[in-house]
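For reference, the chains in residue letters:
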Amino acid sequence: MSGTAAMGDAREDDAVRLQYETYPYPERDPADEARRLVVGSPSHLLEMNHYVFAGRRDFAAPFRALVAGGGTGDAAIMLAQQLADAGPGRVEGRVDYVDLSQASRAVAEARARARGLTNIAFHSLAIEDLPDSGLGPFDYVDCCGVLHHLADPAAGLRALAAVLADDGGMGLMLYGEYGRTGVYPVQDLLRRLGGDDPPAERVALARRLLADLPATNWLRRNPGLGDHLDGGDAGLYDLLLHPRDRAYRVMEVADLAAAAGLRLTAFVDPLRYDPEALVTDPRLRRRLAALPWIARCAAAEALAGNLRKHVFYLVKAGHPGPAVADPADGAAVPCWHQVDAAALVAGMGSGQPLSAQVDGLTLRAPLPPLAKAIAGRIDGHRPIAAIEAQVRDLNPALDAAAFARQFAELFRAFNGFGKLFLRVPPAP
Ligand SMILES: C[S@@+](CC[C@H](N)C(=O)[O-])C[C@H]1O[C@@H](n2cnc3c(N)ncnc32)[C@H](O)[C@@H]1O
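Residues numbered from 1 in each chain as written. Predicted model: local features only at pLDDT ≥ 70, side-chain atom pairs only at ≥ 80, totals over all residues. Heavy atoms only, no water.

Participant: Please clarify how the domain arrangement of the chain should be interpreted in this entry.
Facilitator: Each assigned domain of the chain is listed with its residue range as follows: domain 1 (3-175 + 248-316), domain 2 (179-240) and domain 3 (333-423). Counting residues at the interface gives 15 residues for domain 1 and 17 residues for domain 2. Between domain 1 and domain 2 lies a buried interface of about 1,300 Å² when both sides are counted; carbon and sulfur atoms form 56% of it. Ranking the residues of domain 1 by area buried against domain 2 places Tyr 23, Tyr 175 and Arg 308 at the top, with a combined share of 52%. (Domains from an automatic or database assignment. Contact = heavy atoms within 4.5 Å. Buried area = accessible area lost by both parts, 1.4 Å probe.)

This is the structure in structure tokens:
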């Protein structure tokens, strides 16, 4: 690296630190812990177990998680609370939180105190220094919305891989390029108009510009970014005034992973990365279906154009065995995730596809003829084999292969929207 580039990196490093000391992200009030737990993706235990531990991880056994660039604590608090809940009276899973921002760490620590959580260790440390920190190895690493702000994201990911156990996994979020259409021209303009101003003045200038954007401006025309613009000063700063961020396409995510000796197990939610959910023309669908999985994901990204974040899971390239849970495994237990299952099943009509609006786009997935009978038996305890036995009892003409096809179709739909995962309980 040339001396000028290194000086540029150091100046940006300082600006990134100033941002997160001034505007800890996301804005959180520790008092809110009394009324709700913030849950999300990546790293919800159910989702993580499905995508990196093939659903087989027992969280009542020792478990070590790292939250890298933990900010104000969303992932660390969620993980620590879920691990504490998973193992009362047993060995409680532990979380190491790492961040450079003292202000963010203070908020995260206050949230942990508010919940009475004692299973988080807080460290003021750079991700790049993890390999020499003595921390790890970890069963799981969360790094959400951080690597795209580093001077060298590939080096950051290698540092995370260095502290990951060989059979462990990671959950990451990186910005998506197409869904952030409009962000970067406005970032550039605001940098030129007031890049050296103090943070509060930059926020005020950004708000004036937002209120005055011409109707054809791509940021104004991008329907997926509205939420961020309502997210307070920290959200506005993160979106439009960040000193350093970049966005990724699917193939760049795959290349980044491979360069760190890692492989992708899934993008979530899967239906958003499935081009067959996006086009109806049969010839097009056949061509798309023939592509390798990663090329299909890239095709969906190009078609939809609205992916502003990529949330994905990784394991080491030499990871032993399957990482993702298998809906063909009769021992697996399907579990609803953040749905009112009773209302969902009651509202299911025959022949109706499952559909939902996601960032301005309606996605649809077909459901099988016996969807209601199958979904009505999913209770987070009953294995697929037991559901099959009950459904086939009521439908004697249904053979095992036909049930498997119907279950797979139902699973693709609900898992595709992030509503259904599998766990495989330990054998008795
Ligand atoms: C956008 S915030 C994301 C916070 C959190 N992961 C979340 O999703 O809510 C980025 C965080 O990364 C931290 N960060 C940036 N560069 C870092 C580095 N090199 N090492 C550790 N933390 C870093 C910042 O201080 C900030 O708290």
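Having seen it, we continue.
Participant: Mind showing me how you'd approach the sheet that holds strand S3 (residues 120-124) here?
Facilitator: As a general point, the strands of a sheet are linked pairwise by backbone hydrogen bonds and lie either parallel or antiparallel. Pairing is mixed across the open sheet formed by 7 strands, whose spatial order is S3-S2-S1-S4-S5-S7-S6. Lying at the two open borders of the sheet, with one neighbouring strand each, are S3 and strand S6 (262-268). Across this sheet, the average inter-strand angle for adjacent strands is 20°, counted without regard to direction. The sheet strands contacting helix H2 (residues 45-52) are strand S4 (138-144), strand S5 (164-175), S6 and strand S7 (309-316), and the helix crosses S7 at an angle near 50°. (Pairing = 2+ DSSP bridges. Helix = DSSP H or I, 4+ residues; strand = E, 2+ residues; numbered from the N terminus. Axes fitted to C-alpha atoms, helices over the stretch in contact; angles between N-to-C directions.)

Participant: I'm lost on the pairing of strand S1 (residues 64-68) in this one. Help?
Facilitator: Counting buried positions along S1 yields 4 of 5 residues, so the element is predominantly enclosed. Looking at chain direction, S1 and S4 are connected through 3 bridges and run parallel. Among the inter-strand pairings, Val 67 is bridged to a residue of S4, identified as Asp 142. (Buried < 20%, exposed > 50% of the residue type's maximum accessible area, 1.4 Å probe, protein only.)

Participant: I keep staring at the packing of helix H16 (residues 384-394) against helix H17 (residues 400-416) and nothing clicks. Help me out?
Facilitator: The axes of two packed helices give the description: the angle between them and the distance between them. Orientation of H16 relative to H17, taken along the N-to-C sense of each, is 115°, at an axis distance of 11 Å. Note that H16 runs across H17; the crossing there is right-handed. In this structure, H16 contributes Ile 384, Ile 387, Glu 388, Val 391 and Arg 392 to the contact, and H17 contributes Ala 400, Phe 403 and Phe 407. Taken together, the residues of the contact of H16 with H17 sort by class into 6 nonpolar, no polar and 2 charged. (Left-handed = near helix turned anticlockwise from the far one by under 90°. Nonpolar A, V, L, I, M, F, W, Y, C, P; charged D, E, K, R; others polar.)

Participant: What is the right way to look at the site of the ligand in this model?
Facilitator: Looking at the ligand, there are 19 residues lining it, with Gly 69, Asp 99, Ile 127, Glu 128 and Cys 144 nearest. Ile 127 is positioned with one of its backbone polar atoms (N or O) 2.9 Å from a nitrogen atom of the ligand. Between the ligand and Cys 144 there is a distance of 2.9 Å, counted from a nitrogen atom to a backbone nitrogen or oxygen. Relative to its unbound accessible surface of 590 Å², the ligand loses 92% to contact with the protein. When its residues are assigned to classes, the shell around the ligand shows 10 nonpolar, 6 polar and 3 charged. (Near = heavy atom within 4 Å. Polar contact = N/O pair within 3.5 Å; in protein donor to acceptor, adjacent residues only side chain to side chain. Areas by Shrake-Rupley, 256 points an atom, 1.4 Å probe, with all protein chains shown as cover.)

Participant: What is the right way to look at the packing of helix H11 (residues 250-259) against helix H13 (residues 293-304) in this model?
Facilitator: Look at H11 against H13: their axes get within 8 Å of each other, and the N-to-C directions meet at 140°. On the basis of the axis angle, H11 is oblique to H13. The segment H11 lies against H13, with Val 250, Met 251 and Ala 254 engaging Ile 294, Ala 295, Cys 297, Ala 298 and Glu 301. The class makeup of the residues in the contact of H11 with H13 is 7 nonpolar, no polar and 1 charged. (Parallel < 35°, antiparallel > 145°, perpendicular 65-115°, else oblique.)

Participant: Help me understand the packing of aromatic side chains in this model?
Facilitator: Aromatic rings considered in pairs are described by the distance between their centres and by the relative angle of their planes. The full count for this structure, using the stated rule, is 12 aromatic pairs. Between Phe 53 and Phe 63 the ring centres are 5.9 Å apart and the planes differ by 75°, which places this aromatic pair in the edge-to-face class. Here Phe 53, found in the loop between H2 and S1, pairs with Phe 63, found in the loop between H2 and S1; they are 10 residues apart in sequence, far enough to count as distant. Take Phe 53 and Phe 63: they sit in the same class, and that class is buried. Aromatic side chains Phe 59 and Phe 63 sit 5.1 Å apart centroid to centroid with 75° between the ring planes, which places their arrangement in the edge-to-face category. One exposure class covers both Phe 59 and Phe 63, and it is buried. Put simply, the rings of Phe 267, Tyr 273, Trp 293 and Phe 312 pair up and form one aromatic cluster. Positioned above the aromatic ring of Trp 218, the side-chain terminus of Arg 221 is 4.6 Å from the ring centre. Geometry around Tyr 248 places Arg 246 over its ring, the cationic atom sitting 3.9 Å from the centre. (Phe/Tyr/Trp six-rings, centres within 6.5 Å; stacked < 30°, edge-to-face > 60°. Lys NZ or Arg CZ within 6 Å of the ring centre and 35° of its normal.)

Participant: Any chance you could explain the environment of Tyr 178 here in plain terms?
Facilitator: Examined against the element boundaries, Tyr 178 turns out to sit in the loop between S5 and helix H6 (183-194). With 69 residues separating them along the chain, Tyr 178 and Ala 247 place their C-alpha atoms 8.5 Å apart. Only 3.5 Å separates the side chain of Tyr 178 from the side chain of Arg 249, close enough to count as a polar contact.

Participant: Honestly, H13 in this entry has me stumped. Any pointers?
Facilitator: Turn by turn, an α-helix covers 3.6 residues, leaving residues three or four places apart pointing in a common direction. Given a rise of 1.5 Å per residue, 12 residues ought to cover 16 Å, and the 17 Å separating the end C-alpha atoms of H13 matches this to within 8%. Restricting attention to buried positions, one finds in H13 the residues Ala 295, Cys 297, Ala 298, Ala 299, Ala 300 and Glu 301. Buried positions along H13 lie against H11, S6, helix H12 (282-289) and S7. Looking one or two residues beyond H13, the residue adopting positive phi is Gly 305, at roughly 70°. (Expected span 1.5 Å × (residues − 1).)

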